[in-house]
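Fold and geometry: a report
Here is how the chains run, residue by residue.
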Amino acid sequence: MVKSYLQQHNIPQREVVDTTGLNQSHLSQHLNKGTPMKTQKRAALYTWYVRKQREVAQQFTHAGQGGLIEEPTGDELPTKKGRRNRFKWGPASQQILFQAYERQKNPSKEERETLVEECNRWSGGGGGAAWGGAGARPGR
């Protein structure tokens, strides 16, 4: 049930592990080989499953409305430090970055900051730079 849900919605096992605190190997063995799981861990997995179903259903409900969806708090489950949401550049910014890469494969800090400003202009970004802005990537 959980395994087919993960496959259907293209959800990596890593997301389950990061949210529930389960061991990656143990989760994989449980899903793929049916290895038994203790009640507490099975409950954490099931709780994640129910929440994820609600979250996905809510995303489909609000997809056409352009509204933001609140993240579940996760107070009931032990959690590891979550990963940041993946950032994806829009088509105009991708074109800018691709052309810049063709010109210079290893730009200086100043050139990177100029690219960020140019991409933010195209993406409608305001004060905070989408790529982090000045000084967001120290040592690079």
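Remember, it's a predicted structure, so these values are computed and weren't measured experimentally. (Residues numbered from 1 in each chain as written. Predicted model: local features only at pLDDT ≥ 70, side-chain atom pairs only at ≥ 80, totals over all residues. Heavy atoms only, no water.)

1. Here's the deal with the side chain of His-30
Note the cut-off: Runs of E in the DSSP output that reach at least two residues are strands. Runs of H or I that reach at least four are helices, and both are numbered from the N terminus. The term polar contact refers here to a pair of N or O atoms within 3.5 Å; inside protein, the definition further demands a hydrogen-donor-capable atom paired with an acceptor-capable atom, and it admits residues adjacent in sequence only when both atoms are side-chain atoms. In this description, contact between two residues means that some pair of their heavy atoms is separated by no more than 4.5 Å.
By secondary structure assignment, the location of His-30 is in helix H3 (residues 24-33). Within polar-contact distance, the side chain of His-30 engages the backbone oxygen of Thr-35 at 2.7 Å. Aside from chain neighbours lying at most four places away, what touches His-30 is Thr-35, Pro-36, Met-37 and Leu-45.

2. A closer look at the nonpolar core
Quick note on the threshold: Definition used in this section: a nonpolar core is a set of buried Ala, Val, Leu, Ile, Met, Phe, Trp, Tyr and Cys residues joined via side-chain atoms within 4.5 Å. For every residue, the accessible area obtained with a 1.4 Å probe (protein chains only) is divided by the maximum for its type, and the residue is called buried under 20%, exposed over 50%, and partly exposed between those limits.
Of all hydrophobic cores here, the largest spans 14 residues; its most connected members are Val-2, Leu-6, Val-16, Leu-27, Leu-45 and Trp-48. Broken down by secondary-structure element, the contributors of at least two residues to this core are helix H1 (2-8), helix H2 (13-20), H3 and helix H4 (39-62). With 4 residues, the single largest contributor to this core is H4. Ranked by size, the runner-up nonpolar core spans 5 residues in total, among them Trp-89, Ile-96, Ala-100 and Cys-119.

3. Details of the packing of H2 against H3
The test is simple: Lines are fitted to the C-alpha atoms to define the axes, a helix being fitted only along its stretch in contact, and any angle between axes, read from their N-to-C directions, falls within 0 to 180 degrees. Roughly parallel means an angle under 35 degrees; roughly antiparallel, over 145; roughly perpendicular, 65 to 115; everything else is oblique. Each crossing is labelled by how the near helix is turned from the far one, with a counterclockwise turn of less than a right angle marking it left-handed and a clockwise turn marking it right-handed. All residues other than Ala, Val, Leu, Ile, Met, Phe, Trp, Tyr, Cys, Pro, Asp, Glu, Lys and Arg, Gly among them, are scored as polar; the first ten of these are nonpolar and the last four charged.
Between H2 and H3, the shortest axis-to-axis distance is 10 Å and the interhelical angle comes to 125 degrees. Considered as vectors, H2 and H3 are oriented oblique to each other. Seen along the crossing, H2 lies across H3 with a hand that is right-handed. Contact with H2, carried on its side by Gln-13, Arg-14, Val-16 and Val-17, involves Gln-24, Leu-27, Ser-28, Leu-31 and Asn-32 of H3 and no other residues of that element. Within the contact of H2 with H3, the residues separate by chemical class into 4 nonpolar, 4 polar and 1 charged.

4. Quick notes on the confidence of the model for the protein chain
What counts, and what does not: For every residue, the pLDDT score states the predictor's confidence, bounded by 0 at the bottom and 100 at the top.
Per-residue pLDDT for the protein chain averages 76, and the proportion of residues at 70 or more is 73%. Predicted confidence is poor over residues 126-140, with pLDDT under 50, and the contacts of this stretch with residues over four places away or in other chains come to 17 contacts.

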